[in-house]
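Observations on the model geometry
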Amino acid sequence: MAQTYTAKDITVLEGLDPVRKRPGMYIGGVGSPGLHHLVWEILDNAVDEAMNGHAGNIHVQLHADRSSITVADDGRGVPVDRHPRSGKSALEVIFTTLHAGGKFEHRTYRTAGGLHGVGASVVNALSAELVATSKRDGRLWEQRFRRGRPLAKPRQLGSARGTGTAVFFRPDPQIFPKTEFDPAVIAERLEVVSYLHKGVRVVFDDEGRGEKRVFQHADGLQDYLTHIVGARRAPTVHEPVFALGKDHDETGSRVNLVLQWTEATDEHVRSYVNGVPTGSGGTHENGLRAGVGKAVRNFIETHGLSPKGVTLAADDIREGLTGVLSIFVRDPQFQGQTKDRLNNPETAAAIDSAVRPALEHWLNQNISAARAIVARIVIAARAREASRAAQQEVTRKGVAAARLSLPGKLSDCSARTAADRELFIVEGDSAGGSAKQARDRRRQAILPLRGKVLNTENVAPAKVLENKELSDLVTALGCGFGKTLNLEKLRYGKIIILADADSDGNHIATLLLTFLYRHLPPLIQQGRVYLAQPPLYRVDIGKETFWALDEPHRDRILDRVAHNGHRGKAEITRFKGLGEMMPKVLWDTTLNPETRRLLRVDVSDRLLTDQVMNGLMGRDASARFQFIMERADQVQDLDV
């Protein structure tokens, strides 16, 4: 039957309905990062008051239910007077109208992190309830909302001393599958706020635990750098730290930067724009890298320190570089509402021109530190050359001169483009055999591993490639390894770790993730790495079959079925491993793109990830011992 398409088929979403209809457009998704993004939006408003000199205290209270929170500041308070165009209270306009706020012009805020005028209204739209209070002109005002709609006009509660704003909200369970906030995530963000805005007092009150933490750092970024370097456990190369603070009164911009080279094998720079973390970098980080490279090269050439027999690459100069870059600009152009990346084209040149002369002058004034940095850079360059030579030797021995020789145990797929191809890294030959029979031969390749791979947390690149299993994996991926990695040569769009759903399988998955995170990090950064979720249990009740990922999932299935009044007897089968699954079962539960569960490996906090990885897999066993002892009473049955 022919379908008509006329004006009546056009849906117009009004008010805050677009936010509830498509929350991902505004907060990035409805998972844990999106849930916590609600807190960041309200927190950014409080921080904007502080960065413009109107507030000195921020108080965040996570209530005992863990599903509601209050953010308060002692700033100027949200205006409550009548808005001239809408005829409503300014408080109501701010919390119910997209693109309404006081930060589009620069009369009330010199710089700000909340720029689009959607933060408060988006939080309101996605909250089952929200209460906004404002202290202004000796009075306390309150307005209540439910799912973005005001329940009444703002009402005066009485007189009040001082000024400030407080926002209580409870995320809507109709929007978010899980509404419980993580206190550790919130506490870390608040501590970062106190580092970026030195002198501001930030209090985190965790009612559930009965704990109250106060964050306040008089030395700001200097304290932050000390914290980062200490957490990464990498010896420093030099003292003192390079620090830059530069204001441009005519443009209202400001650059704050601290840098220190360490013995770590990677670059670790955390960047912020108007107090907002930019985890995906942007033009300000590009300008920083350019300025650092030019300054160091100029110093080396001026003092005749160029090494013989090796060429210094930009990555060599920045290897081990640890720093914090915090800039404040009037009109930042963020990539999307989640503000994860800065796009201002003029910022790159501005940061470059600020960093290059300042760092070059600092190097010339601190010759001992500068020479130590240059020595560190030369070591990095020679290690890179040695690693490339070692890789070429491994390639020469294992690859025919005319073509790429793939590992013999790789069962490749026939699709021509990488985007259509998936590589499953499978635990064991038995599981590999089942996966080969179950797979889609056109799109899915299978690489079985023999036993547990090498723990590569503290292993040199050349030593890594001596491991047969990892060398085969690198060859199968086709994109190179370490500093010679080229994603354009990657042969697969998805790399999927498929291990048994038990402790042994978890250990193998952790070893593989360690290898990918430390030696092929761009694969994770670009979202190419996934964890398959095979079931551990099969639950048959009558004619229905359910698949459970683990024991808690199994118990939830049994509870749900019982709650629905099903009286059939449950027959439960526990899989000993992927190898004992019939190919059709493996396809239906784990390989079929229509029915499988995949977890994309994502690093939202590089510092925390580095700490966890080093604690779980590093040489120092004390962190692992502490981890085990803290959780020993939670273990009832060991899966051995």
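With that out of the way, let us pick up the overall build of the protein chain. The helix and strand tally for the protein chain stands at 20 helices and 22 strands. By the burial criterion, 49% of the 640 residues in the protein chain qualify as buried. Relative to all contacts within the protein chain whose residues are 6 or more apart in sequence, the contacts with residues 24 or more apart total 68%. Accessible surface, the protein chain: about 31700 Å² in total, of which carbon and sulfur atoms supply 49%.

What follows deals with the confidence of the model for the protein chain. For the protein chain, the average pLDDT comes to 83, and 86% of its residues sit at 70 or higher. Below pLDDT 50 for its whole length, residues 101-117 participates in 55 contacts with residues either more than four positions away or in separate chains. Under a pLDDT of 50 for its full length, residues 397-403 has, in the predicted model, four contacts with residues more than four places off or in other chains.

Let's shift gears to the packing of aromatic side chains. For the structure on display, the rule yields six aromatic pairs. Note on phenylalanine 242 and tryptophan 362: the rings are 5.8 Å apart at their centroids and 70 degrees apart in plane angle, and the pair reads as edge-to-face. Of the two residues, phenylalanine 242 sits in strand 10 (residues 242-248) while tryptophan 362 sits in helix 10 (residues 345-365), which places them 120 residues apart along the sequence. The same class applies to phenylalanine 242 and to tryptophan 362, which are both buried. Here tryptophan 547 and phenylalanine 575 contribute two aromatic rings whose centre-to-centre distance is 6.2 Å and whose plane-to-plane angle is 20 degrees, an arrangement assigned as stacked. Within this pair, whereas tryptophan 547 is found in strand 20 (residues 544-548), its partner phenylalanine 575 is found in the loop between strand 21 (570-574) and helix 18 (583-591), the two being separated by 28 residues in sequence. A residue is classified by how much of its surface remains accessible, and phenylalanine 575, at 10% relative accessible area, is buried. A cation over a ring is seen here: arginine 189 above tryptophan 40, with NZ or CZ 4.5 Å from the ring centre. Directly above the ring of phenylalanine 328 sits arginine 254, whose terminal nitrogen or CZ lies 4.1 Å from the centroid.

Let us now look at the packing of helix 12 (residues 429-438) against helix 18. Look at helix 12 against helix 18: their axes get within 8 Å of each other, and the N-to-C directions meet at 80 degrees. Judged by the angle between their axes, helix 12 and helix 18 are roughly perpendicular. Judged by residue contacts, Ser434, Ala435, Gln437 and Ala438 of helix 12 engage Pro583, Leu586, Trp587 and Leu591 from helix 18. Grouping the amino acids of the contact of helix 12 with helix 18 by side-chain chemistry returns six nonpolar, two polar and no charged.

What follows deals with the pattern of salt bridges. Side chains that differ in sign of charge can pair as their charged atoms come close. Taken as a whole, this structure holds 29 salt bridges when the rule is applied. As a salt-bridge pair, aspartate 172 and arginine 20 come within 2.9 Å of each other at their nearest N and O atoms. Taken together, the residues aspartate 172 in the loop between strand 7 (164-171) and helix 6 (183-196) and arginine 20 in helix 1 (residues 17-21) connect sequence positions 152 residues apart. Aspartate 172 sits in the buried class, given a relative accessible area of 0%. For the salt bridge of glutamate 267 with arginine 318, the shortest nitrogen-to-oxygen distance reads 3.0 Å. Note that glutamate 267 is positioned in the loop between strand 11 (253-261) and strand 12 (268-273) and arginine 318 in helix 9 (residues 314-318), a separation of 51 residues in sequence. The class for glutamate 267 is partly exposed, based on a relative accessible area of 25%.

Conventions we followed
Residues numbered from 1 in each chain as written. Predicted model: local features only at pLDDT ≥ 70, side-chain atom pairs only at ≥ 80, totals over all residues. Heavy atoms only, no water. Helix = DSSP H or I, 4+ residues; strand = E, 2+ residues; numbered from the N terminus. Buried < 20%, exposed > 50% of the residue type's maximum accessible area, 1.4 Å probe, protein only. Contact = heavy atoms within 4.5 Å. Areas by Shrake-Rupley, 256 points an atom, 1.4 Å probe, with all protein chains shown as cover. pLDDT = per-residue confidence, 0-100. Phe/Tyr/Trp six-rings, centres within 6.5 Å; stacked < 30°, edge-to-face > 60°. Lys NZ or Arg CZ within 6 Å of the ring centre and 35° of its normal. Axes fitted to C-alpha atoms, helices over the stretch in contact; angles between N-to-C directions. Parallel < 35°, antiparallel > 145°, perpendicular 65-115°, else oblique. Nonpolar A, V, L, I, M, F, W, Y, C, P; charged D, E, K, R; others polar. Salt bridge = Lys/Arg side-chain N within 4 Å of Asp/Glu carboxyl O.

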